[in-house]
Amino acid sequence: MKSYDVVIIGGGPAGLAAAVAAKENGVDNILILERDKELGGILNQCIHNGFGLHTFKEELTGPEYAKRFITRVEELKIPYKLNTMVLEINKDKVVTAVNREDGLFTIQAKAIVLAMGCRERSRGALNIPGYRPAGIFSAGTAQRLVNMENYMPGKEVVILGSGDIGLIMARRMTLEGAKVKVVAEVLPYSGGLKRNIVQCLNDYGIPLKLSHTVVEIHGKERITGVTIAQVDENMKPIKGTEEYYSCDTLLLSVGLIPENELSRELGVELNPLTNGPVVNESLETSIEGVFACGNVLHVHDLVDYVSEEATNAGKNAARYVLEYHNKAASGNVVEIIPKNGIRYTVPSHINVERMDDILTIRFRVRDVYPDAYINVYFDDERVQHKKRRIMVPSEMEEVKIQKADLAARKELKTISIEVEKE
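Residues numbered from 1 in each chain as written. Predicted model: local features only at pLDDT ≥ 70, side-chain atom pairs only at ≥ 80, totals over all residues. Heavy atoms only, no water.

1. Points about the environment of Gln-143
Stated precisely, the cut-off is as follows: Here a helix means four or more residues in a row that DSSP labels H or I, a strand means two or more in a row labelled E, and each is numbered from the N terminus. Any two residues having at least one pair of non-hydrogen atoms within 4.5 Å are treated as being in contact.
Take Gln-143: it is sitting in helix H3 (residues 139-147). Note: C-alpha distance between Gln-143 and Glu-381 (238 residues apart in sequence) is 48 Å. Contacts of Gln-143, omitting those with residues within four sequence positions, involve Gln-45, Cys-46, His-48, Met-148, Ile-165, Ile-168 and Met-169.

Listed below in structure tokens is the structure:
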């Protein structure tokens, strides 16, 4: 059984950034395991621009962004195995995987970085009445078919859900000659970035119907149309509001789910709100020496944030191998509590002794909050009171905490973050 200092599960943007950071922080014995035939993950099919504005201060396409990190991995001579499926990770950090060249094999790791990404929620999770005709695709599947397989799913399109992939595919299908008739969103606000609503829907005259959902799918062999209806505050269709749209394609953009089957079997504690691991300031999970980053931890809106987070995970995995391996953690542990209007935070708790000088806490709000404040409390003392012009659930928010401020409060137990309306 081969041994590695750091094994990274996933060769997408999170895995690549974590590998580069681990190498640059003094660990040489690294291995990336990727189930696809190439590195880069989902970015390979995201041929639109808008990536890299934070990381590289320039606008790149998805493949260009991925290539920057793939090139760095190759420059640093970090080994990777493609077409490799990880089957199991146990508490001793033994990874069991399989591929054609090696067959079934095991690897002993000192530290593991979970970077498996996320998957799309399927039609089966929606319970839409009707037959199961051809022509229903998740937005990500349609994106791969159009951008990588050179296959056009259909000509008359309805999109359910206003997640970013669905919005981007509304534009992409239009540019390829399809007619996108409507985007229906069950929530009273969009699930995608504001810029994507403007650039992908408004610029092409595609209507967005909020508080609407598909209530019936028509057609037996191939989809021939859908009926959408307005929903009330309990998400129940309102009778009399039904509208019929003829179409040959229905794209579903109804949410992403972190790929945490391996984490669950390993016994990692998961947050029921994010479906991702509960992590500390080092992005370490409840299993010592196992770290998580990217969309497997919580679904991000920008890949730049994925790379930033994964860089921290890789750096901390290297630090664990070089400094903390087999050494008990010490220092004051502070819980981070999401309160009024805050859905969750990453991380969930902090070991003050092991945190960096500045810690970024990322979170999402529960609703749309125009002209509101973000308050941060150390126990009962308010230490931050910052105005936000608008906060929406689709866009991640953050606050920064100074280590010096926490170190000065030896008895600190909790950090609370909340929304305060004007």
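2. Some words on the side chain of Ser-263
To keep things clear, this is the line we draw: Relative accessibility decides the category of a residue: with a 1.4 Å probe and only protein chains considered, values under 20% of the type maximum give buried, values over 50% give exposed, and everything between is partly exposed.
Assignment of secondary structure puts Ser-263 in helix H6 (residues 261-266). Judged by its relative accessible area of 0%, Ser-263 is buried. Those residues in contact with Ser-263, other than ones at most four positions away along the chain, are Leu-114, Met-116, Val-268 and Leu-270.

3. Considering the pairing of strand E7 (residues 94-99)
Rules: Any two strands with at least two DSSP bridges between them are considered paired.
The element E7 is largely enclosed, with a buried count of 5 among its 6 residues. Sheet topology note: the strand E6 (residues 85-89)/E7 ladder contains 4 bridges and is antiparallel. Its bridge partner being in E7, Glu-88 is matched across the sheet by Thr-96. Between E6 and E7, which pair antiparallel and follow one another directly, the connecting turn spans 4 residues, one of which, Lys-93, has a positive phi of 65°. Here E7 pairs with strand E8 (residues 103-114) via 6 bridges, running antiparallel. Bridge pairing in E8 places Asn-99 opposite Gly-103. Hairpin remark: E7 followed by E8, antiparallel, with 3 residues in the connecting loop.

4. Quick look at the packing of aromatic side chains
Cut-off, in case you're wondering: For Phe, Tyr and Trp, where Trp contributes only its six-membered ring, two rings pair if their centres lie within 6.5 Å, and the inter-plane angle classes them as stacked under 30 degrees, edge-to-face over 60, or tilted in between. Only Lys NZ and Arg CZ are tested; either one counts as a charge over a ring when it is within 6 Å of the ring centre and within 35 degrees of the ring normal.
One pass over the full model with this rule turns up 4 aromatic pairs. Centroid distance Phe-56 to Tyr-65: 5.5 Å. Interplanar angle 70°. Geometry classified as edge-to-face. Ring centres of Phe-291 and Tyr-320 lie 6.1 Å apart, and the angle between their planes is 70°; this geometry places the pair in the edge-to-face category. Here Phe-291, found in strand E21 (residues 290-292), pairs with Tyr-320, found in helix H7 (residues 303-324); they are 29 residues apart in sequence, far enough to count as distant. With respect to class, Phe-291 is no different from Tyr-320; both count as buried. By the ring-pair criterion, three or more aromatic residues cluster together here, those being Phe-56, Tyr-65 and Phe-69. Over the aromatic face of Phe-56 sits the side chain of Arg-68, whose NZ or CZ is 4.9 Å from the ring centroid. The ring of Tyr-305 carries Arg-362 above its face, with NZ or CZ at 4.5 Å from the centroid.

5. Quick notes on the sheet that holds strand E10 (residues 136-138)
The line we're drawing: As a rule, the C-alpha atoms of each element are fitted with a line to give its axis, helices using only the stretch in contact, and angles between N-to-C directions run from 0 to 180 degrees.
Reading across from one edge, E10-E17-E11-E12-E13 is the order of the 5 strands in this open sheet, with parallel pairing throughout. Each edge of the open sheet is held by one strand with a lone partner, namely E10 and strand E13 (208-210). Strand after strand, the sheet turns through a mean of 20° between neighbouring axes, direction not considered. In the sheet, strand E11 (residues 156-160) pairs with strand E12 (residues 179-185) via 5 bridges, with the strands oriented parallel. Within the sheet, the bridge partner assigned to Val-157 lies in E12 and is Val-180. Strands in contact with H3 are E10 and strand E17 (249-252); relative to E10, the strand with the most contacts, it is inclined by about 90°.

6. Focus on the sheet that holds strand E23 (residues 342-346)
Across the sheet, which stays open at both edges, the 3 strands sit in the order E23-E25-E28 with antiparallel pairing between neighbours. At either margin of the open sheet sits one strand with a lone partner, and together these are E23 and strand E28 (397-402). On average, each strand axis in the sheet is inclined to that of its neighbour by 30°, with strand direction left out of account. In this structure, strand E25 (residues 358-365) lies alongside E28, joined through 6 bridges in antiparallel fashion.

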